[in-house]
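Remarks on the overall topology
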Amino acid sequence: MICKSPIRPSIALVEIAWRQNGEPVPALPIQPDRQVYTEQDDSLMRSAKSNPGRFFEDFSVGMVIEHPTPRTVTNGDRALCNALFPFRHALFSSDEFARRCGLPQAPIEDFAVFHFVFGKSVPDISVNAVANLGYAEMKFRRMTFAGDTLTAQSEVIGIKENSNGKSGIVWVRTKGSNQHGQTVVDFVRWVMVRKRRPGKTSGVTLVPEINPCVEADALPEPPGLDFSDYDFTSAGEPHSWSDYLPGETINHEHGTTVEEAEHMIATRLWQNPARVHFDSTLREDGRRLIYGGHVISIARALSFNGLANAQTVLAVNSGKHVNPCFAGTTVRAWSKVLERAKSSVPGAGALRIRTVASSARTGAFPDESESDAALLDLDYWVLIPR
Amino acid sequence: MICKSPIRPSIALVEIAWRQNGEPVPALPIQPDRQVYTEQDDSLMRSAKSNPGRFFEDFSVGMVIEHPTPRTVTNGDRALCNALFPFRHALFSSDEFARRCGLPQAPIEDFAVFHFVFGKSVPDISVNAVANLGYAEMKFRRMTFAGDTLTAQSEVIGIKENSNGKSGIVWVRTKGSNQHGQTVVDFVRWVMVRKRRPGKTSGVTLVPEINPCVEADALPEPPGLDFSDYDFTSAGEPHSWSDYLPGETINHEHGTTVEEAEHMIATRLWQNPARVHFDSTLREDGRRLIYGGHVISIARALSFNGLANAQTVLAVNSGKHVNPCFAGTTVRAWSKVLERAKSSVPGAGALRIRTVASSARTGAFPDESESDAALLDLDYWVLIPR
Amino acid sequence: MICKSPIRPSIALVEIAWRQNGEPVPALPIQPDRQVYTEQDDSLMRSAKSNPGRFFEDFSVGMVIEHPTPRTVTNGDRALCNALFPFRHALFSSDEFARRCGLPQAPIEDFAVFHFVFGKSVPDISVNAVANLGYAEMKFRRMTFAGDTLTAQSEVIGIKENSNGKSGIVWVRTKGSNQHGQTVVDFVRWVMVRKRRPGKTSGVTLVPEINPCVEADALPEPPGLDFSDYDFTSAGEPHSWSDYLPGETINHEHGTTVEEAEHMIATRLWQNPARVHFDSTLREDGRRLIYGGHVISIARALSFNGLANAQTVLAVNSGKHVNPCFAGTTVRAWSKVLERAKSSVPGAGALRIRTVASSARTGAFPDESESDAALLDLDYWVLIPR
């Protein structure tokens, strides 16, 4: 008899070992002895198949983690980037414009590629994170196009236990690759991760050396790009590389008020499963924390007004989420030119920009980015026609 | 003179017969003598061109209805599936992974195909439904890919008038096909439909025989699929067919709080026009009822955490929407393994799973799925590598 | 030393002239002497690179403006049109249906093409508008398909200063083209635009002559379309051209309640950056004004129920946003047949329709479209099989 009614639960320990094919599989999460985020200690009735993610104790320097869920990006993702962020940079908007810049078609927006790669790393790295502390040494090495399949890998490069015995900091270098095995973006990030068992200390500490910025002569040169025949009229602004002076500030003027549905739709698109963005029951105030990368993309998109020709991001030197962002916030952005540098991309130069996002309504560059209204402080290099 | 100002309304009966090309056209709705959902009896001023949908009296056993609005599915729909549901199953996410599983590219997610087909049937079957009562005998026979065009057809297989004289139950077998005329999914569903004229009884009753489940040896074998060279690392979990024991339960851990914009965007994507999902003025409490299929897709997507290798749904044995779902609800999911069966798909086996979605925050499998918090009780077969 | 810490702002005037390549560039905005929408007079610290948009004084009759941001439309945009509006017209939904109508594949929905072109014109024309006053002479000349790249150009054809000295009316003829330089849509619109310096009057007035409607013998004939082998069953309704009588009214029955996230997602998709749609801090009541075109697309989509065979819009004679629309409004639609005309498209005829959108719950055509509930009054021509 095959079609029987549902089996009653066996009140028994069902503990099935993770599949180990005889070899060490560093990508596989270590099995915790207890599930998280459950209010009752009823784990005895349940299998251990759902993955609670790594805790601080599960990381060690040198671990290499292959993140699951390869993702083929499509024109559907491109359309959603437009729908969710006020992007107007012509290189990502128009196949014709992209071809005039040496590319076969319009690529996937840089930070969207970052979000996909970051999202893959979340289940393995930061699903039990208390906070994302920072990014550095982010290099956008190569364009991604519709049809490419992205995968991600992280190496643990640092570890430091907090003195409170409840958590610690983990540094990883995460790399996103396409289906040809070419790196499209890589970056360092560090997160504060909860310990599974507070109190126990490992005593291990290795704080990695991180460059405060990507040096100008180490900037990536994305293959194919050529700004020699750049179309300023289509791009929307006349300002080229030499028109920007270090110290100059730009008020990007526009603001956008974020809705719950918008940030959740975007964050799911990146397959980022961090619960705090989706589950209104996790925080006492019933609010969902907006994925920090969402604010990065809003700020980058808003920067079009004054930086319309800063077509592509070459590198991120540092990024800091100054305050958490919640639905209802109106995000605005200001930029300051920090530095000009050469680029070997034909017809192009590099600008180092500091963009601050804030909910404040001020005309001036909000240099006191430590205020309660501040959301993001991002230091990065862009490519712009000379 | 052609450009005249708008014609004043002629206060006259404008009753135009539906176009009948000399032959019986069973797909065409029967013209009602009165419009629905209008507060005043002003039908005399109006034409009868808008379609109020069928009422209970309009159905008879043996009717075959060709549903309108063929729909070409694209990578845009795939991206929206990712944006609207937390899907992470690799087969649908990655062209590369899909090719390693024998397919030419990543297919459209199973339940998305169901939603498209279901949506087509709504204007003809359930637009005047009081409630969707259930699904059964649902078989996913063949993968759908970007570029395929879906059409749908239903046959009425049962009818039973309610004793209150106000409504009755209609059973239909609905079939979704691609542009080659191949069936991609078919299922039985039954709905309670309002009568146009309460009180009058037809006396006709035919309750069809429905299998309580799709038997293991009748499971579909979607052409092309081959799990012989399955990549567990990319898929994200090590658990294969033999690791799952009947009786075992899985808490999928994650929850997602649903917003009005999200469920409406999804339900429109499927071209499901049922008013109650979109019009906040229909219910006294001003709430919009979330399409039941939305909860199915959320539950299926959440089940990734513990069932990551259950790449595709082969069949649904039964589905029940235990309680209506409204925006603001945080949907969680638990699964129980009911049965293991063989599959002729190379390298694969079948698991029969019961997944319950609920807004409760409990660690244990919510077996009392009749509670107020319960949303969905779904019994289905998945394909998983051995 | 390259990696230095961020430069402190130089409190100095950074005024960089817009790039002028020796020739007059009418497309480039005139540089204002002050930024807008800032609360403090701190422009001395800032560069003038962000673009505040044109004010009334910046327009003159005969100006031709090439709008930036070319946009390649994709199947992702098509999917989003379906997700954001309840479109069910078969021509845009199915490649198979479109091929039977003479086209190579399903085209991009007409009003979506209009929204893309309109969106491009916003930064140059209406970003400082007080109100959009109207549209006329809109002709949809040619279908747009996935892969086409849209650009837009406007010519100023009229100007009239308001007696209050604070604003004036600007008339433009805007043209959207594809990558082959073919016009896909063109239209006249007029907007009330703020002056930069209230009080000063230019004395210039030229009010253009505008046709009250596109005459029947001047209707576009989109190349390729052929309704000779039209499939009424797939389209969903049996009514053809001769079934519609002038004076006849149709209640489209369905209503849809609009959410903030939905209208912002759509308006961003069109790359329309008008602040008032996105920034909840601009109005004292904290509400975001919904882009008028959003209501047009909702009304057009709802009109499927009764006008399912009105597959494509040929022309818009006039359009008026009777009242602003805000999130939470339930939009309903009614249509009245104004006129029948011939079309040289094989198998097709033209109908002139007046569609009114309103939040009122009335069964009758809401002829008193000046009521508070009225949202849109649109007079347009559609193509329908004979």
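Residues numbered from 1 in each chain as written. Chains lettered and ligands numbered in written order. Predicted model: local features only at pLDDT ≥ 70, side-chain atom pairs only at ≥ 80, totals over all residues. Heavy atoms only, no water.

1. A word on helix H1 (residues 75–84) of chain C
Side chains three or four residues apart in an α-helix point the same way, a direct result of the helix having 3.6 residues per turn. All names here are of chain C. So the rule is basically this: When accessible area is computed with a 1.4 Å probe and restricted to protein chains, residues below 20% of their type maximum are described as buried, those above 50% as exposed, and intermediate ones as partly exposed. Secondary structure elements follow DSSP: runs of H or I no shorter than four residues count as helices, runs of E no shorter than two count as strands, and numbering proceeds from the N terminus. Under the rule applied, a polar contact is a pair of N or O atoms within 3.5 Å (in protein, one hydrogen donor and one hydrogen acceptor; residues adjacent in sequence only if both atoms are side-chain atoms).
Counting buried residues along H1, 9 of its 10 residues qualify, which places the element largely inside the surrounding structure. Buried residues of H1: Gly 76, Asp 77, Arg 78, Ala 79, Leu 80, Cys 81, Asn 82, Ala 83 and Leu 84, and no others. For H1, the side-chain oxygen to backbone nitrogen distance between the N-cap and Gly 76 is 2.9 Å, and the N-cap itself is Thr 74.

2. Remarks on the state of the cysteines
Rules: Put simply, a disulfide is two cysteine sulfurs that come within 2.5 Å.
Enumeration according to the criterion identifies 0 disulfides over all chains in this entry. Left without a disulfide partner, Cys 101 of chain A is nearest to the cysteine sulfur of Cys 81 of chain A, which lies 19 Å away. Looking at the unpaired Cys 81 of chain B, the closest cysteine sulfur is the one in Cys 81 of chain A, lying at 17 Å. By relative accessible area, which is 5% here, Cys 81 of chain B ends up buried.

3. Focus on the interface of chain B and chain A
Using the following cut-off: Only heavy atoms enter the contact rule, under which two residues are in contact if any of them lie within 4.5 Å. Once two parts are joined, some of their accessible surface, as seen by a 1.4 Å probe, is lost; buried area is that loss totalled over both. For salt bridges, the criterion is a side-chain nitrogen of Lys or Arg within 4 Å of an Asp or Glu carboxyl oxygen.
Taken together, the contact pairs 64 residues of chain B with 54 residues of chain A. Carbon and sulfur atoms make up 54% of the surface buried where chain B meets chain A, a total of about 5,200 Å² over both sides. Its largest share of buried area at the contact with chain A, chain B owes to Arg 88, Glu 253 and Arg 361 of chain B, together 12% of the area lost on that side. Applying the counting rule to chain B against chain A returns 5 salt bridges. Between Lys 49 of chain A and Glu 248 of chain B there is a salt bridge, with the nearest N and O atoms lying 2.3 Å from each other. Applying the counting criterion to the chain B and chain A interface returns 23 residue pairs in polar contact (both at pLDDT 80 or more).

4. Points about the interface of chain A and chain C
Counting residues at the interface gives 64 residues for chain A, matched by 54 residues for chain C. Of the roughly 5,200 Å² buried where chain A meets chain C, counting both sides, 54% is carbon and sulfur surface. Where chain A touches chain C, the interface holds 5 salt bridges. Linking Arg 288 of chain C and Glu 259 of chain A is a salt bridge whose minimum nitrogen-to-oxygen distance equals 2.8 Å.

5. Regarding the pattern of salt bridges
Using the criterion set out here, one finds 66 salt bridges over all chains in the structure. Across the salt bridge formed by Asp 58 of chain A and Arg 196 of chain A, the nearest N and O atoms sit 2.6 Å from each other. In this pair, Asp 58 of chain A is assigned in the segment before strand S1 (64–72) and Arg 196 of chain A in the loop between strand S5 (183–194) and strand S6 (205–206), connecting sequence segments 138 residues apart. With respect to burial, Asp 58 of chain A and Arg 196 of chain A carry one shared label: buried. Put simply, Glu 253 of chain B and Arg 275 of chain A hold a salt bridge, and the shortest N to O gap is 4.0 Å. Within this pair, whereas Glu 253 of chain B is found in strand S7 (residues 249–257), its partner Arg 275 of chain A is found in the loop between helix H6 (260–269) and helix H7 (292–302), the two belonging to separate chains.

6. Comments concerning the side chain of His 67 of chain C
All names here are of chain C. Of note, His 67 is situated in strand S1 (residues 64–72). One polar contact links His 67 to Ser 154, side chain to side chain, over a distance of 2.6 Å. Not counting chain neighbours up to four residues away, the residues in contact with His 67 comprise Lys 120, Ser 121, Asp 124, Ile 125, Ala 152, Gln 153 and Ser 154.

7. A closer look at unusual backbone geometry
Within the chain, Glu 137 of chain A stands out as a residue other than glycine whose phi angle is a positive 55 degrees. Relative to the helices and strands, Glu 137 of chain A is located in strand S2 (residues 129–140). On the accessibility criterion, Glu 137 of chain A (12% relative accessible area) is buried. Non-glycine residue Thr 69 of chain C carries a positive phi angle of around 65 degrees. Tracing the sequence through the fold places Thr 69 of chain C in strand S1.

8. Structural notes on the packing of aromatic side chains
Using the following cut-off: Between rings of Phe, Tyr and Trp, where Trp is taken as its six-membered ring, a pair exists when centres lie within 6.5 Å; planes separated by under 30 degrees are stacked, by over 60 edge-to-face, and by other angles tilted.
In total, this model carries 36 aromatic pairs over all chains according to the counting rule given. Both rings, one in Phe 111 of chain B and one in Phe 140 of chain B, keep their centres 5.7 Å apart while their planes meet at 90 degrees; by these two values the pair is edge-to-face. With Phe 111 of chain B in helix H4 (residues 110–126) and Phe 140 of chain B in strand S2 (residues 129–140), this residue pair connects regions lying 29 residues apart in the sequence. Among the residues examined, Phe 140 of chain B registers a relative accessible area of 5% and is labelled buried. For the pair Tyr 230 of chain C and Phe 232 of chain C, a centre-to-centre distance of 4.8 Å together with 65 degrees between the ring planes defines the contact as edge-to-face. In terms of burial, Tyr 230 of chain C and Phe 232 of chain C fall into one category: buried. Among the aromatic residues, those joined into a cluster by ring pairs are Phe 111, Phe 114, Phe 118, Tyr 135, Phe 140, Phe 187 and Tyr 291 of chain A.

9. Describing the relation of the copies chain B and chain A
The cut-off we apply is this: Least squares is the method used to superpose the copies, on C-alpha atoms of residues holding a pLDDT of at least 70 in both.
After a rotation of 120 degrees and a shift along the axis of 0.0 Å, chain B superposes on chain A with an RMSD of 0.0 Å. Taken together, the rotation and translation describe the operation of a three-fold axis. By C-alpha distance to the rotation axis, the residue of chain B lying nearest is Gly 76 of chain B, at 2.2 Å. The fraction of interface residues of chain B whose copies in chain A are also interface residues is only 6%, indicating that the copies meet through different surfaces.

10. Section: the confidence of the model for chain A
Residue and element names in this part refer to chain A. This is how the line gets drawn: pLDDT measures the predictor's confidence residue by residue and takes values from 0 up to 100.
Averaged over chain A, the pLDDT score is 87; the fraction of residues at 70 or greater is 87%. In the predicted structure, residues 1–45 sits below a pLDDT of 50 and forms 100 contacts with residues beyond four places in sequence or in another chain. The ipTM value of the predicted complex is 0.88, and its pTM value is 0.90.

11. Brief notes about the environment of His 239 of chain C
Its location among the elements puts His 239 of chain C in the loop between helix H5 (232–235) and strand S7 (249–257). His 239 of chain C gets classed as buried once you look at its relative accessible area, which sits at 1%. Measuring from C-alpha to C-alpha, the distance between His 239 of chain C and Ile 159 of chain C comes to 44 Å, with 80 residues separating the pair along the chain. A distance of 3.3 Å separates a polar atom in the side chain of His 239 of chain C from the backbone oxygen of Lys 49 of chain B.

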